[in-house]
Amino acid sequence: MHNEPSQLIGNFLPEQYKKDALLEINHNYLTSQFFDYKEIFKRIEGVVLENDFTLGKAVDDFEKRFAGIHKAEYAIGVGSGTDAIFLSLKALGIGPGDEVITPPFTFFATVGAIATTGATPVFVDIEIDGFNLNLDLIEGAITPRTRAIVPVHWAGRICDMRKLRQIADKYQLKIVEDACHAVSATRDGEFAGALSETACFSFHPLKNLNVWGDGGIILTNSLELSKRLKLLRNHGLVSRNECHEFAYNSRLDTVQAVIADYLCDKLSGITNARINNSKYLDSHLKDVPQIQLHTRMENLKEVYHLYSFLCEKRDDLSIFLRSKGIDAKIHYPTPLHLQPAASHLGYKRGDFPISERVSNQVLSLPVHEFISIEQLDFMVQSIKEFYDA
Ligand SMILES: *Cc1c(COP(=O)(O)O)cnc(C)c1O
């Protein structure tokens, strides 16, 4: 994901390189976002002066705040979104010999977190409308070895968790939500974490709530799981000199927790801008016959980590938009069952037709909070120009 040229020529480049940048309407907006970095430096100074570097007060404060925002009982800050999923599965006792159901249309980390527990990822195809797991296909993939389901709330659109919970309960399966795209998203008023064992979030610089490096968090309503997760992230230590089980080092960094907490003040603004920009694009793209948007549903608060749609002549459109300085991107061009890393799982092309079709037709446009109406209009106009030609 990190070797596409568009990610290398963004706003974050030093001034002297900017003249070479082709792309003006970027997915990357970090320089604009952290124009007030000195305010954050002041808060970090407190951490330094207190020597409060590991699991410091800022981590506790942020965990409480993040849990509060998402109406969850407990939050456990960890090293990354990937670790959040991995440690959740570990805390649930999942490992070699177990099967975990997940979609093949996702970012590598979802499947990486499953595979590195020693469990076998079992793919189930997605729905064409919304790109989330097709819940009607799940029962067909359940075997006596199935232990858990890891749904992905693609682009910040929460899966039908009530229906998924019913299926999970029927077969006594655990649910670990990959909510890395879904900070502050809801379905029927419920946040990720409400109906699962855990919900996992990432604070990677390209996520909606983004820190200055890596970070992640786990939400749960189970006291027992929260205790186990706190052990697993910190060497299994119950106190300085007592280790309960040999485990990992995956703490949310205190400095990153300061930044995450600072961003919580801005979260509703960030989210609303994404929603408004996406609605604006929806209203202007819905009549373009070559583009297929998702059905928008009243009971969903989608947070548009990505604004993506299916389109005809995707590769040509993408090149055309890039030539106009619009950072149109493909998330993601190859579904995971066709990756070299999955070869031992025995899947082949054609096994997940919807994921394969989406990978060939999906395109994303930037909708972050620094995109202007003029830029949105320019994107719409450029797309229409492409199809009219
Ligand atoms: C970003 C992401 C992750 C992993 O998050 P990291 O913090 O980068 O480890 C997992 N799943 C999905 C769907 C993601 O987009």
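Look above for the structure.
Anyway, here's the lowdown on the structure attached to this text. (Residues numbered from 1 in each chain as written. Predicted model: local features only at pLDDT ≥ 70, side-chain atom pairs only at ≥ 80, totals over all residues. Heavy atoms only, no water.)

1. Some thoughts on the side chain of Arg 314
Part 1: Mapping Arg 314 onto the fold places it in helix α12 (residues 314-323).
Part 2: You can call Arg 314 buried: its relative accessible area is 6%.
Part 3: A polar side-chain atom of Arg 314 sits 2.9 Å from the main-chain carbonyl oxygen of Ser 359.
Part 4: What Arg 314 contacts, discounting residues up to four positions off in sequence, is Ile 330, Val 358, Ser 359, Asn 360, Gln 361, Val 362 and Leu 363. (Helix = DSSP H or I, 4+ residues; strand = E, 2+ residues; numbered from the N terminus. Buried < 20%, exposed > 50% of the residue type's maximum accessible area, 1.4 Å probe, protein only. Polar contact = N/O pair within 3.5 Å; in protein donor to acceptor, adjacent residues only side chain to side chain. Contact = heavy atoms within 4.5 Å.)

2. Some thoughts on helix α13 (residues 353-361)
Part 1: Ser 355, Glu 356, Val 358 and Ser 359 are the residues of α13 that are buried. Buried residues of α13, seen end-on, are gathered within an arc of 165 degrees and therefore sit on one face of the element.
Part 2: In this structure, the buried side of α13 is in contact with β14 (307-311), α12 and β15 (362-365). (Arc of directions from axis to C-beta.)

3. Re empty space enclosed by the protein
Part 1: A full pass over the atoms with the stated rule returns two cavities of 30 Å³ or more.
Part 2: In this structure, the largest cavity spans a volume of roughly 70 Å³.
Part 3: Residue assignment for the lining of the largest cavity shows that the elements contributing at least two residues are α8 (161-170) and β7 (190-191).
Part 4: Residue classes in the lining of the largest cavity are distributed as six nonpolar, no polar and six charged.
Part 5: If you add up the space inside the second largest cavity, you get close to 60 Å³.
Part 6: Looking at the second largest cavity, the residues that line it are Gly 130, Trp 154, Ala 155, Arg 157, His 294, Arg 296, Glu 302, Tyr 304, Leu 306, Tyr 307 and Ser 308. (1 Å grid on protein atoms, 1.4 Å probe; cavity = no way out; pocket = protein on both sides within 12 Å on 5 of 7 lines; lining within 4 Å. Points joined across faces, edges and corners; volume = space filled by probe spheres on them. Nonpolar A, V, L, I, M, F, W, Y, C, P; charged D, E, K, R; others polar.)

4. Re the nonpolar core
Part 1: Core analysis: the largest hydrophobic core is formed by 53 residues, its most contacted members being Phe 62, Phe 66, Ile 101, Ile 138, Phe 201, Leu 209 and Leu 219.
Part 2: Elements with a contribution of two residues or more to this core: α4 (37-50), α5 (57-69), α8, β8 (198-202), β9 (216-220) and α10 (254-264).
Part 3: Setting aside residues up to four positions removed in sequence, Ile 138 forms contacts with Ile 101, Val 124, Leu 133, Ile 149, Leu 164 and Ile 167.
Part 4: Grouped together as the second largest cluster of nonpolar side chains are 37 residues, Tyr 307, Val 362, Leu 363 and Met 379 included. (Core = buried A, V, L, I, M, F, W, Y, C linked by side-chain atoms within 4.5 Å.)

5. Looking at unusual backbone geometry
Part 1: In this structure, the amide linkage connecting His 331 to the following residue, Tyr 332, adopts the cis form with an omega of -5 degrees.
Part 2: The backbone of Leu 55 shows a phi angle near 45 degrees, a positive value even though the residue is not glycine.
Part 3: Relative to the elements of secondary structure, Leu 55 occurs in the loop between α4 and α5.
Part 4: Notably, His 235 is not glycine yet its phi reads approximately 60 degrees, a positive angle.
Part 5: Structurally, the position occupied by His 235 is in the loop between α9 (223-232) and β10 (237-239).
Part 6: Residue classification places His 235 among the partly exposed residues on the basis of a relative accessible area of 33%.

6. As for the environment of Arg 240
Part 1: By secondary structure assignment, the location of Arg 240 is in the loop between β10 and β11 (242-243).
Part 2: Residue class for Arg 240 comes out exposed when judged on its relative accessible area of 74%.
Part 3: Looking at Arg 240, its side chain comes within polar contact range of the side chain of Asn 241, at 3.3 Å.

7. Looking at the sheet that holds strand β6 (residues 186-187)
Part 1: Reading across the sheet, the three strands line up as β7-β6-β13 and stay open at both edges, with antiparallel pairing between neighbours. Only two strands of the sheet have a single partner each, and these edge strands are β7 and β13 (300-301).
Part 2: In the sheet, β6 pairs with β7 via two bridges, with the strands oriented antiparallel. In the sheet register, Arg 187 faces β7, and the bridge partner there is Glu 190. (Pairing = 2+ DSSP bridges.)

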